[in-house]
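Commentary on secondary and tertiary structure
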Amino acid sequence: DKTESTNKKKTSKGAKIKRRKVKRDSNAPKFPLTGYVRYMNETRETLRQNNPTLSAVDITKMVAEGWTNLDEDKKRPYLEAAEVDKERYNKELLEYNQLNESKKIKLSENEQNNTDHDQPPIINGQSNSTNNNHTSLNGTKDEKKEIRIGDYEIPIFTEEFLDHNKIIDSELRLLRKSNIDYEQQNSVLEKHVENMKNGISKLENETKILNNKNKILQTYLDKLRSTLANALHSLPLQSNDELNGATLDNIDKYMNELKSRAQSNSHGHSLNKAKDIIRKLDLQHLSTI
């Protein structure tokens, strides 16, 4: 007896628990395929043929990597087809549920009618049977059989349910990986934006400094022109009727004429006198005014 009990324990431990496979209603709408599953169905067989030595797990990894690195423009047809398929499924599921509800209502009405017709007559206030079960001629009870309308959702712990979970898990892993990639890209872009902002701020500060310097130089130039025009206003340049004296309007032309005469070594009276006047000017005080 002890050996038999130990053998039973061993066989019970070694036996594998088989999952009960629930049959799915053939009239139920077909589940929609996601964009990733469509891409996988399209590329998996080609990858298998090109890589015959790889295992199914490696092929799945290659498919997942290809989907992750696929451009958004190339992903769009798969995602759009998945969205259309999802709308189809929702529509068919609604019709399927409505049909099942009507079947349940008719079934309950038929059962109610059957119980009303099959109910035994009441004699002296008592029924011939104490319950709703009917006794047949052979003495056995005809119990009501539960009629179950086909499931329109995936039954739990079935092969289809597990396969569906695997697909969802792989999609979640892809989404997490894509999310990490996007976060890294965002981090790089944020640093780039920060560097750009720092560069813009630096350029703005340099521009302000240059503008201030330009204002100072422009002020100095205006004062220099005014000083030269006042000093040379009574000195006309010989052989040039237009320059009878320096003014604010013609000071630039006046000084260019003096420069050209100095470079041509023509030492006239006007040039020598202009040199004497300019030497006597105190131009250093212009920067402090």
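Quick caveat: nothing in here was measured; it's all calculated off a predicted structure. (Residues numbered from 1 in each chain as written. Predicted model: local features only at pLDDT ≥ 70, side-chain atom pairs only at ≥ 80, totals over all residues. Heavy atoms only, no water.)

When you go through the protein chain residue by residue, the secondary structure sums to seven helices and four strands. For the protein chain, the N- to C-terminal ordering of α and β elements is α-α-α-α-β-β-β-β-α-α-α. Expressed as a percentage of the 289 residues in the protein chain, the buried residues total 19%. For the protein chain, the proportion of contacts with a sequence separation of at least 24, taken over those separated by at least 6, is 58%. Summed over its atoms, the accessible surface of the protein chain is roughly 23,200 Å², and 52% of this surface lies on carbon and sulfur atoms. (Helix = DSSP H or I, 4+ residues; strand = E, 2+ residues; numbered from the N terminus. Buried < 20%, exposed > 50% of the residue type's maximum accessible area, 1.4 Å probe, protein only. Contact = heavy atoms within 4.5 Å. Areas by Shrake-Rupley, 256 points an atom, 1.4 Å probe, with all protein chains shown as cover.)

Let us look at the packing of aromatic side chains. Applying the stated rule across the entire model yields five aromatic pairs. A connected cluster of aromatic rings, assembled from ring pairs, spans Tyr 36, Tyr 39, Trp 67 and Tyr 78. The side chain of Lys 75 reaches across the aromatic face of Trp 67, ending 5.0 Å from its centre. (Phe/Tyr/Trp six-rings, centres within 6.5 Å; stacked < 30°, edge-to-face > 60°. Lys NZ or Arg CZ within 6 Å of the ring centre and 35° of its normal.)

Applying the stated criterion to the full structure yields eight salt bridges. In this structure, the salt-bridge partner of Asp 252 is Arg 225, at a minimum N-O distance of 3.2 Å. Here Arg 225 lies in helix α5 (residues 159–232) and Asp 252 lies in helix α6 (residues 251–263), a separation of 27 residues in the sequence. Residues Arg 279 and Asp 276 are paired through a salt bridge, measuring 2.9 Å at the closest nitrogen-oxygen approach. Placement of the pair is Arg 279 and Asp 276 together in helix α7 (residues 269–280), with a separation of three residues, close to one helical turn. Where salt bridges share partners, they join Arg 38, Asp 85, Arg 88 and Glu 92 into one cluster. (Salt bridge = Lys/Arg side-chain N within 4 Å of Asp/Glu carboxyl O.)

Attention shifts here to the layout of surface pockets. Looking at the largest pocket, its volume works out to about 580 Å³. What lines the largest pocket is a set of 26 residues, and nearest its centre among them are Pro 32, Leu 33, Val 37, His 164 and Ile 167. At the level of secondary structure, the elements contributing two or more residues to the lining of the largest pocket comprise α2 (35–50), α3 (56–69), α4 (72–118) and α5. With seven residues, the top contributor of residues to the lining of the largest pocket is α5. Of the residues assigned to the lining of the largest pocket, the class counts are 13 nonpolar, five polar and eight charged. (1 Å grid on protein atoms, 1.4 Å probe; cavity = no way out; pocket = protein on both sides within 12 Å on 5 of 7 lines; lining within 4 Å. Points joined across faces, edges and corners; volume = space filled by probe spheres on them. Nonpolar A, V, L, I, M, F, W, Y, C, P; charged D, E, K, R; others polar.)

Looking now at the nonpolar core. General note: in soluble globular proteins, nonpolar side chains tend to be found buried as a group. Core analysis: the biggest nonpolar cluster contains 14 residues, and Leu 232, Tyr 254 and Leu 258 have the highest contact counts within it. Broken down by element, the residue count for this core peaks at four residues, all from α5. In this structure, Leu 232 is in contact with Gly 245, Ala 246, Tyr 254, Met 255, Leu 258, Ala 274 and Ile 277, ignoring residues within four places of it in sequence. By size, the runner-up hydrophobic cluster in this structure holds twelve residues, among which are Tyr 39, Val 63, Leu 70 and Leu 174. (Core = buried A, V, L, I, M, F, W, Y, C linked by side-chain atoms within 4.5 Å.)

This paragraph deals with the UniProt feature "coiled-coil region" (unreviewed entry) in the protein chain. With numbering aligned to this structure, UniProt lists the feature "coiled-coil region" (unreviewed entry) at residues 79–106 and 186–213. Span residues 79–106 is 100% helix and 0% strand, its end C-alpha atoms 41 Å apart. As a span, residues 186–213 carries 100% helix and 0% strand, and end to end its C-alpha atoms are 40 Å apart. (UniProt positions renumbered as here; feature names shortened; annotations may be inferred.)

The next point concerns a nonpolar patch on the surface. Side chains of Ile 168, Leu 172 and Leu 175 sit close together on the surface and give an oily, nonpolar patch of about 240 Å² of accessible area. If you trace the backbone, Ile 168 turns up in helix α5. For Ile 168, a relative accessible area of 30% gives the class partly exposed. (Patch = residues over 30% accessible without salt bridge, like charges linked within 9 Å, V, L, I, M, F, W, Y side chains within 5 Å.)

Looking now at α5. Over its 74 residues, α5 runs 107 Å from end to end, which matches the ideal 110 Å to within 8%, given 1.5 Å per residue. The set of residues buried in α5 consists of Phe 161, Ser 170, Glu 171, Leu 174, Ser 178, Leu 224, Thr 227, Leu 228, Ala 229 and Leu 232. For α5, the secondary structure elements touched by its buried residues are α2, α3, α6 and α7. (Expected span 1.5 Å × (residues − 1).)

On to the environment of Tyr 39. Mapping Tyr 39 onto the fold places it in helix α2. Judged by its relative accessible area of 11%, Tyr 39 falls in the buried class. Between the C-alpha atoms of Tyr 39 and Trp 67, which are 28 residues apart in sequence, the distance is 7.4 Å. When sequence neighbours within four positions are dropped, the list of residues in contact with Tyr 39 reads Val 63, Gly 66, Trp 67, Leu 70 and Tyr 78.

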